[in-house]
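If you want the building blocks of each chain, they are given just below.
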Amino acid sequence: MSELRVESISKHFAGVSAVSDVSFNLEKGAIMGLIGPNGAGKSTVFRMITGVHRADAGRIFFEDEEITDLPPYAICQAGIAMTSQTTLPFMRMSVLQSTMVGSYLHCPKAADARKDAFEILEYLGLDGQWSKLVADCNSADRKKAARARALATRPRLLLLEELMAGLNPQEVDMILQKIREIRDDKSITILFVEHLMQAVMSISEQVVVLDHGELIATGTPSEVSRNEQVITAYLGKNYHAEN
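As the structure is a prediction and not an experimental result, all values here were calculated from the model.

With that settled, consider the sheet that holds strand S4 (residues 57–62). Consider a sheet: its strands pair through backbone hydrogen bonds, and that pairing is either parallel or antiparallel. Within the open sheet, the 4 strands sit side by side as S2-S1-S4-S5. Their pairing is antiparallel. The open sheet terminates on both sides in strands that have one partner only, identified here as strand S2 (16–27) and strand S5 (65–66). Strand direction decides the pairing type here: strand S1 (residues 2–13) and S4, joined by 5 bridges, are antiparallel. Note on S4: the bridge partner recorded for Val-6 is Ile-60. The strands touched by helix H1 (residues 42–49) within the sheet are S1, S2 and S4, with S1 carrying the most contacts at an inclination of about 115°.

Shown next as structure tokens:
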């Protein structure tokens with residue numbers, strides 16, 4: 001069963017094509033990587049799925065319901081959450097307050113939202129940081145805070161954008177383990193953008209590859225890593241030789 005179905009979506013900005021006729025299916029319970037060079041259109045695809053950008057053409061379905069023209073808050077209410085590369089809107093909040101922003105979607109009373117947020121922070125290993133400002137957290141904990149806020153909305157589909165940028169190998173391994181746990185423990189389908197290919201290939205069951213806004217490949221990590229068009233556009237010959 002498809003959790004997310006993207007059908008021929010396109011987006012232009014000031015006459016420039018950012019995404020052109022992109023289609024893919026994400027199965028329920030799967031982990032899918034979305035990769036490609038800088039400027040390939042990955043973030044634009046994310047923002048069309050979450051309603052931040054409206055698709056100029058094409059349709060998007062979540063759990064067989066069309067969400068193409070829904071606003072971001074309605075898409076979040078439907079069960080889709082996203083973490084962005086930046087946490088700027090929440091930097092002056094405490095880690096707890098930031099998480100409660102998500103909890104309020106299902107917990108209108110402050111006491112209930114606070115309890116819900118504490119449980120999520122404990123799950124992600126941030127319960128000892130709850131009173132710290134997000135701005136005062138290190139890079140790894142800021143990314144955890146972003147995940148906590150997203151998880152607090154109780155999504156069934158979670159979009160993760162470049163979680164591993166700037167992290168050391170041990171931190172990357174911990175994130176990969178937690179992504180698997182989130183999928184398995186909470187039955188959340190995962191779609192993520194990441195430039196660290198070793199991480200993408202180790203955790204993804206399916207990979208979608210974009211280049212200049214166009215879909216150039218979909219498949220398993222093994223299939224994608226052997227695709228000559230992907231090697232030329234993104235991975236490079238050295239990656240192909242090593243894998």
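We now examine the sheet that holds strand S7 (residues 157–161). Taken in spatial order, the 6 strands line up as S6-S7-S8-S3-S9-S10 in an open sheet, and their pairing is mixed. Looking at the sheet topology across the chains shown, the edges are occupied by strand S6 (80–83) and strand S10 (214–219). Mean inter-strand twist for the sheet, computed between neighbouring axes without regard to direction, equals 15°. Its contacts with the sheet place helix H5 (residues 139–151) against S6 and S7, and it is angled at close to 170° to S6.

Empty space within the largest pocket amounts to approximately 500 Å³. Lining the largest pocket are 22 residues, and of these Ala-81, Met-82, Thr-83, Phe-90 and Arg-149 lie nearest its centre. At the level of elements, helix H2 (72–78), S6, helix H3 (95–103) and H5 are the ones that each hand at least two residues to the lining of the largest pocket. For the lining of the largest pocket, the leading source of residues is S6, giving 4 residues. The class makeup of the residues in the lining of the largest pocket is 13 nonpolar, 7 polar and 2 charged.

What counts and how
Residues numbered from 1 in each chain as written. Predicted model: local features only at pLDDT ≥ 70, side-chain atom pairs only at ≥ 80, totals over all residues. Heavy atoms only, no water. Pairing = 2+ DSSP bridges. Helix = DSSP H or I, 4+ residues; strand = E, 2+ residues; numbered from the N terminus. Contact = heavy atoms within 4.5 Å. Axes fitted to C-alpha atoms, helices over the stretch in contact; angles between N-to-C directions. 1 Å grid on protein atoms, 1.4 Å probe; cavity = no way out; pocket = protein on both sides within 12 Å on 5 of 7 lines; lining within 4 Å. Points joined across faces, edges and corners; volume = space filled by probe spheres on them. Nonpolar A, V, L, I, M, F, W, Y, C, P; charged D, E, K, R; others polar.

By themselves, these observations are geometric and do not establish any function.
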